[in-house]
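Residues per chain are reported as follows:
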Amino acid sequence: MMEADILLFMGQSNMAGRGDDQLAPKVLPGAAWEYRAVTEPDRLVPLVEPFGVNENREGGVWEPGMKTGSMVAAFVNACYRKTGRPVIAVSCSKGGSSIREWQPGTPYFKDAAARFSACLSFVESQKVAVHSIGMVWCQGCTDADNGMTKEEYKEKTLTLFQAFQALGVENIFLIQIGNHREQPDLYVPMQEAQEELAASVDTIFMTSRSFRTFRDRGLMKDSYHYKQEAYNLVGEEAGARTGEILTKEAGKTKL
């Protein structure tokens, strides 16, 4: 019987990936499977980049052709090296999305919840032994662009996390957003909110802060997005940290 960790990869464009899949690492044999809840809900397929490229649902998360190369391949490789268990990965990320659009009852939330539920049901039917269930989250740039306060962002993000934990997610693995290329201080309130959530809730873990360093390292491709090298670096860091947490079996208490 295969034992695996289920991870939902959610957020906005830097989770979806705006890099170059040809420059992403190849997924190690046996390291990860993608559950394609929209296009192939009756099987697990070996994870490849661009991750989630065809997982578009009308009325839900819909961005055909936008996912071009992400952090996920690097993430699952690093996680697998730590745990020795494959990841079953579910894609549900939408470029430009606000935290308001991910609140319970919204189309994006309903779509993500449906994908998650379908994955759990399929995995159960295949007699996979699930070691842990988590969400990997990277989002917040749009809300900073729109002037949302840190307090509102923090409250709405926690509401989202609690709602998914009520559905069965155990741990939240945060990837902190980076900086706007031309306005480097613009995203600081959202970064602070993410730090405070990770510090105050024992099931929320900060797994990478490296996006914040890439503006000064020339690894941004435009005002908001990163070159594939940057996605690979963040994926490696966040995946290794997540694997360490899962190996220690930390943070199993629900919110």
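Note: the structure precedes this text.
Caption draft 1: View of the pattern of salt bridges. Across all of its chains, the model carries 21 salt bridges by this definition. The closest approach of N and O atoms between glutamate 34 and arginine 36, which form a salt bridge, is 3.2 Å. In the salt-bridge network here, residues are joined through shared partners; they are Glu34, Arg36, Glu40, Asp42 and Arg43.

Caption draft 2: Summary view of helix α5 (residues 150-167). In a regular helix each residue adds 1.5 Å, so 18 residues correspond to 26 Å; α5 covers 26 Å between its end C-alpha atoms and thus fits that length. Residues of α5 that are buried include every one of Tyr153, Lys156, Thr157, Leu160, Phe161, Ala163, Phe164 and Gln165, and no others. Two residues or fewer after α5 comes glycine 168, characterised by a positive phi angle close to 130°.

Caption draft 3: Seen up close, the side chain of glutamine 194. Assignment of secondary structure puts glutamine 194 in helix α6 (residues 188-200). Leaving out residues up to four positions away in the same chain, glutamine 194 has contacts with Gln139, Tyr153, Leu174, Gln176, Ile177 and Met206.

Caption draft 4: Region of interest: the packing of aromatic side chains. One pass over the full model with this rule turns up 14 aromatic pairs. Between tryptophan 102 and tyrosine 108, the ring centres sit 5.3 Å apart and the planes meet at 50°, which makes this aromatic pair tilted. Tyrosine 108 gets classed as buried once you look at its relative accessible area, which sits at 13%. Feature note: the residues Trp102, Tyr108, Trp137 and Phe161 constitute an aromatic cluster, connected by ring pairs.

Caption draft 5: Up close: the nonpolar core. Grouped together as the largest cluster of nonpolar side chains are 73 residues, with contacts concentrated most on Phe9, Trp102, Trp137 and Phe164. Take this core: its biggest share by element is eight residues, from helix α3 (residues 107-125). Among residues more than four places away in sequence, those in contact with tryptophan 137 are Met10, Gly11, Met15, Ile99, Trp102, Tyr153, Thr157, Leu160, Phe161, Phe173, Leu174 and Ile175.

What counts and what doesn't
- Per-chain numbering applies: the sequence of each chain, read as written, is numbered from 1 onward.
- At least 70 in pLDDT is required for a residue's local features to be given in this predicted model, at least 80 for side-chain atom pairs to be given and counted, and no such filter applies to totals for whole chains, interfaces and linings, which use all residues.
- Excluding hydrogens and water, the side-chain figures rest on all heavy atoms present in the structure.
- By definition here, a salt bridge exists when the distance from a side-chain nitrogen of Lys or Arg to a carboxyl oxygen of Asp or Glu is within 4 Å.
- Only runs of H or I of at least four residues qualify as helices and only runs of E of at least two qualify as strands under DSSP, and these elements are numbered from the N terminus.
- A helix is expected to span 1.5 Å for every residue after the first.
- Residue exposure (1.4 Å probe, protein chains only): buried if accessible area is under 20% of the type maximum, exposed if over 50%, otherwise partly exposed.
- By the convention used here, residues are in contact when the closest approach between their heavy atoms is within 4.5 Å.
- Only centres within 6.5 Å qualify two rings of Phe, Tyr or Trp (six-membered ring in Trp) as a pair; their planes then separate them into stacked at under 30 degrees, edge-to-face at over 60, and tilted for everything else.
- In plain words, nonpolar cores are sets of buried Ala, Val, Leu, Ile, Met, Phe, Trp, Tyr and Cys residues tied together by side-chain atoms within 4.5 Å.

Read these as layout, nothing more, since geometry by itself doesn't imply function.
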